[in-house]
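Report on the structure
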Amino acid sequence: MPRQISYRWRLRELMAARGMFTVAELMPHLTERGITLSSSQVHRLVSGTPERLSLPVLATLCDILDCTPTDLIATSAQNLPARRAAGEEAPINLAARRPTRVRLTPRAER
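We now examine the overall build of the protein chain. When its secondary structure is counted, the protein chain shows six helices and two strands. Counting from the amino terminus, the protein chain carries its helices and strands in the arrangement β-α-α-α-α-α-β-α. Relative to its full complement of 110 residues, the protein chain shows a buried share of 20%. Residue pairs at least 24 apart in sequence account for 67% of intrachain contacts in the protein chain once pairs closer than 6 positions are excluded. Roughly 9100 Å² of accessible area belongs to the protein chain as shown, and the carbon and sulfur atoms make up 52% of that amount.

Ranked by internal contacts, the top residues of the largest apolar core, which has 20 residues, are L11, L26, L61, L65 and L72. At the level of secondary structure, the elements contributing two or more residues to this core comprise helix 1 (11-17), helix 2 (23-32), helix 3 (39-47) and helix 4 (55-65). Aside from chain neighbours lying at most four places away, what touches L11 is L45, V46, L61, L65 and L72.

Okay, the confidence of the model for the protein chain next. Averaged over the protein chain, the pLDDT score is 87; the fraction of residues at 70 or greater is 89%. Mean pLDDT per element in the protein chain: helix 6 (residues 94-97) is the minimum at 72, and helix 4 is the maximum at 96.

A few words on the layout of surface pockets. The method is simple in principle: a probe with the dimensions of a water molecule rolls over the atoms, and the space it marks as empty is what remains. As a volume, the largest pocket reaches approximately 210 Å³. Forming the walls of the largest pocket are L37, Q41, R44, L45, G48, T49, P50, R52, L53, S54 and V57. Top contributing element to the lining of the largest pocket by residue count: helix 3, with three residues. The residue inventory of the lining of the largest pocket, partitioned by class, reads five nonpolar, four polar and two charged.

About the criteria used
Residues numbered from 1 in each chain as written. Predicted model: local features only at pLDDT ≥ 70, side-chain atom pairs only at ≥ 80, totals over all residues. Heavy atoms only, no water. Helix = DSSP H or I, 4+ residues; strand = E, 2+ residues; numbered from the N terminus. Buried < 20%, exposed > 50% of the residue type's maximum accessible area, 1.4 Å probe, protein only. Contact = heavy atoms within 4.5 Å. Areas by Shrake-Rupley, 256 points an atom, 1.4 Å probe, with all protein chains shown as cover. Core = buried A, V, L, I, M, F, W, Y, C linked by side-chain atoms within 4.5 Å. pLDDT = per-residue confidence, 0-100. 1 Å grid on protein atoms, 1.4 Å probe; cavity = no way out; pocket = protein on both sides within 12 Å on 5 of 7 lines; lining within 4 Å. Points joined across faces, edges and corners; volume = space filled by probe spheres on them. Nonpolar A, V, L, I, M, F, W, Y, C, P; charged D, E, K, R; others polar.

In structure tokens:
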């Protein structure tokens, strides 16, 4: 059975729980641990949901926030309904799928 996997990025929540509310408050912690990111990169990391994240950055964020990757990334999975096989339950109406035949009539001469 197919499954749909989703995740929720909780960096902003965990920062707020530890009294950090701006990107400027997070930047020095990253720098002192050897992670050099621009302020716009950190802003995107905090305000959005990253699709890719390096392990050193993830490990550093976990160290700064005293959490685990599981705390930072909340995952969920659910089963998707099975797709119907062709011809199952509802028969295919072939007449609705076939194009209508064009009738050609001779053109009247002028």
